[in-house]
Amino acid sequence: MIEINAHTLTYRFDNGDTLFSNLNFTLDDKITGLVGRNGVGKSILASLLTGEIMPYSGSVTTFCQVGWLRQIGVEEIPTLYETISDFLGVRHRLEALTRITAGGCDSHDFGLIDDNWQLQEKLEQQLQVLGLPVDPFLPCKDQSGGHLTRFALHQLFQSNYDYLILDEPGNHLDEQGKNWLIEQMMHFDGGILIISHDREILHNVDDILELNTLGMHHYGGAYEVYAKHRASELNSLERDIDHANSEIKLMRQTMQKNRKKAQQRASQGKQVARSGSQAEIILNTLKQSAERSSGSRESNQNRQLLQMQDQLSTLNKKQELFKQQSLSLEKV
Ligand SMILES: Nc1ncnc2c1ncn2[C@@H]1O[C@H](COP(=O)(O)OP(=O)(O)OP(=O)(O)O)[C@@H](O)[C@H]1O
Ligand SMILES: [Mg+2]
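Residues numbered from 1 in each chain as written. Chains lettered and ligands numbered in written order. Predicted model: local features only at pLDDT ≥ 70, side-chain atom pairs only at ≥ 80, totals over all residues. Heavy atoms only, no water.

An unreviewed UniProt entry lists the protein under the name ABC-type transport system, ATPase component, with Candidatus Enterovibrio escicola as the source organism.

### Comments concerning the overall build of the protein
Scanning the protein from terminus to terminus reveals eleven helices and nine strands. By the compact-globule yardstick of 20 Å for 332 residues, the protein is too spread out, its C-alpha radius of gyration being 32 Å. Dimensions of the protein along its principal axes, counting C-alpha atoms only, are 125 × 40 × 35 Å. The buried share of the protein, reckoned over its 332 residues, is 38%. Sequence separation of at least 24 residues holds for 66% of the intrachain contacts in the protein that already meet a minimum separation of 6. For the protein, the accessible area works out to roughly 19000 Å², and carbon and sulfur atoms hold 48% of it. Separation between the mean location of the 33 positive side-chain charges and that of the 43 negative ones in the protein comes to 22 Å. (Helix = DSSP H or I, 4+ residues; strand = E, 2+ residues; numbered from the N terminus. Rg over C-alpha atoms; globule rule 2.2 N^0.38 Å. Buried < 20%, exposed > 50% of the residue type's maximum accessible area, 1.4 Å probe, protein only. Contact = heavy atoms within 4.5 Å. Areas by Shrake-Rupley, 256 points an atom, 1.4 Å probe, with all protein chains shown as cover. Lys, Arg positive; Asp, Glu negative; His and termini not counted. Charge placed at Lys NZ, Arg CZ, Asp CG, Glu CD.)

### Regarding the sheet that holds strand S2 (residues 18-27)
To summarise the sheet geometry, strands pair through backbone hydrogen bonds and adopt either a parallel or an antiparallel arrangement. The three strands are arranged S2-S1-S4 in an open sheet whose pairing can be described as antiparallel. Edge positions in the sheet fall to S2 and strand S4 (57-62), since each of these pairs with one other strand and no more. Pairwise comparison of adjacent strand axes, ignoring direction, gives a mean angle of 15° for this sheet. Bridge count for strand S1 (residues 4-12) against S2 is six bridges, and the pairing is antiparallel. Bridging across to S2, Ile-4 finds its partner in Leu-27. (Pairing = 2+ DSSP bridges. Axes fitted to C-alpha atoms, helices over the stretch in contact; angles between N-to-C directions.)

### Looking at the sheet that holds strand S6 (residues 163-167)
Pairing in this open sheet of six strands is mixed, and the strands run S5-S6-S7-S3-S8-S9 from one edge to the other. The open sheet has two edge strands, strand S5 (66-69) and strand S9 (215-220), and neither has a second partner. Taken pair by pair, the neighbouring strands of this sheet meet at an average axis angle of 15°, ignoring direction. Two strands pair when backbone bridges link them, and S5 and S6 are joined in this way by four bridges, in the parallel orientation. The residue bridging Gly-67 from the neighbouring strand is Leu-164, located in S6. Helix-sheet contacts for helix H8 (residues 175-187) involve strand S3 (31-35), S6 and strand S7 (191-195), and the interaxial angle to S7 is about 150°.

### Let's talk about the coordination of the magnesium ion (ligand 2)
Each donor-metal-donor angle in an ideal tetrahedron of four donors is 109.5 degrees, and each such angle in an ideal octahedron of six donors is either 90 or 180 degrees. Donor atoms from the polypeptide that bind the magnesium ion (ligand 2) are Ser-43 (OG) and Gln-71 (OE1), placed at 2.0 Å. With Ser-43 in helix H1 (residues 42-49) and Gln-71 in the loop between S5 and helix H2 (77-80), this pair connects stretches of sequence that are 28 residues apart. (Donors = N, O, S within 2.8 Å, 3.2 Å for Na, K, Ca; no water.)

### A short note on the site of ligand 1
Around ligand 1 sit 13 residues, and of these Gly-39, Lys-42, Ser-43, Ile-44 and Gln-71 come closest. Within the backbone of Gly-41, one N or O atom sits 3.0 Å away from an oxygen atom of ligand 1. Starting from 640 Å² of accessible surface for ligand 1 in isolation, the protein chains cover 54%. Among the elements that line the shell around ligand 1, the one with the most residues is H1, at three residues. (Near = heavy atom within 4 Å. Polar contact = N/O pair within 3.5 Å; in protein donor to acceptor, adjacent residues only side chain to side chain.)

### Considerations on the packing of helix H4 (residues 91-101) against helix H6 (residues 119-129)
For any two helices packed against each other, the geometry is given by the interaxial angle and the distance between the axes. At their nearest, the axes of H4 and H6 sit 10 Å apart, and the two run at 125° to each other. Considered as vectors, H4 and H6 are oriented oblique to each other. On H6, the residues that touch Arg-93, Leu-94 and Leu-97 of H4 are Leu-119, Gln-120 and Leu-123. Its residues placed into classes, the contact of H4 with H6 shows four nonpolar, one polar and one charged. (Parallel < 35°, antiparallel > 145°, perpendicular 65-115°, else oblique. Nonpolar A, V, L, I, M, F, W, Y, C, P; charged D, E, K, R; others polar.)

### Observations regarding the pattern of salt bridges
All told, the structure shown has 13 salt bridges when counted by the stated rule. The salt bridge partner of Arg-91 is Glu-82, with a shortest N-O separation of 3.1 Å. With its nearest N and O atoms 2.9 Å apart, the salt bridge here joins Glu-210 to Arg-230. Taken together, the residues Glu-210 in strand S8 (residues 207-212) and Arg-230 in helix H10 (residues 223-275) connect sequence positions 20 residues apart. (Salt bridge = Lys/Arg side-chain N within 4 Å of Asp/Glu carboxyl O.)

### Details of the UniProt feature "domain: ABC transporter" (unreviewed entry) in the protein
As recorded in UniProt, the sites labelled "domain: ABC transporter" (unreviewed entry) are residues 4-238. Structurally, residues 4-238 is divided into 39% helix and 24% strand, and its ends, taken at the C-alpha atoms, are 36 Å apart. (UniProt positions renumbered as here; feature names shortened; annotations may be inferred.)

### Some details on the domain arrangement of the protein
If you check the domain split of the protein, you get domain 1 (4-82 + 144-221), domain 2 (85-138) and domain 3 (231-330). The straight-line distance from the C-alpha centre of domain 2 to that of domain 3 is 76 Å. (Domains from an automatic or database assignment.)

Have a look at this one:
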């Protein structure tokens, strides 16, 4: 079974700040795109799904072998890995192979090889297919990030993993590399979670998950379906905002009118008092009762107004999230 379940997943930083909370979702043998604005927590979520870091609460249950391509900036690769073989994690094996070929017989070297006697030939063949220099001991600083990413992806697609988590692989790929990636994804016999802002890649997924500060939202379908849903959500949000604004305006006008009426009544009362047409005791009672009822109506209306303003501010925040997310997809 190919499945990864996230149950009430919550992540907090050491300083107590919560990045996201109560995420519930399931990944299966489909290709799922994960979108969300920069810094919302997609890469941290990937680390949680692969078990590299632990959640603050909630759980990840994995029913398959998961391979992972981390999000690394192109500029970081040469600082982390000296040669292509370091980047591919085969340097020690290749060096052991070289020593054995030169006549060495250290048992540790034989252990490292572990029957992978064709490693160098296979590697060179793969490098050639991918258009990379065939010498795995060449320094990474001389390679393009696109080439290195492509090779790392190639290894994952050729692996025995059932599920791949690819964190923004498109960032380092040119058009040709991106097309190659899409083709590989289509032919991969397993599930994929691809984190991406790239519409072309998102056109080729089965499902889209969007992570934002309100949580995780599932959109069944590729980019077109996602874009359509979002457009209709945005329309309805804009309608709600217009409605809330008109209600607030109306409420303010009503309160203004009521205040004016109360002032008029108060000045009429003063005139009556001055004319001496009513006993002072009756006037005072009427005045107090009018003040009480107008005061309680005003405080009710103030409460309602505050509620409406709260609702409007929530709607405005949602609209802001929508805009940020749209911008992050327009970048590409
Ligand atoms: N080790 C860390 N300690 C503290 N904060 C961190 C750490 N790593 C990441 N962050 C912060 O956590 C937030 C989420 O980071 P993350 O890298 O998961 O975002 P992202 O959605 O992948 O962004 P992007 O689209 O830019 O890749 C960011 O605000 C980031 O600055
Ligand atoms: Mg990231």
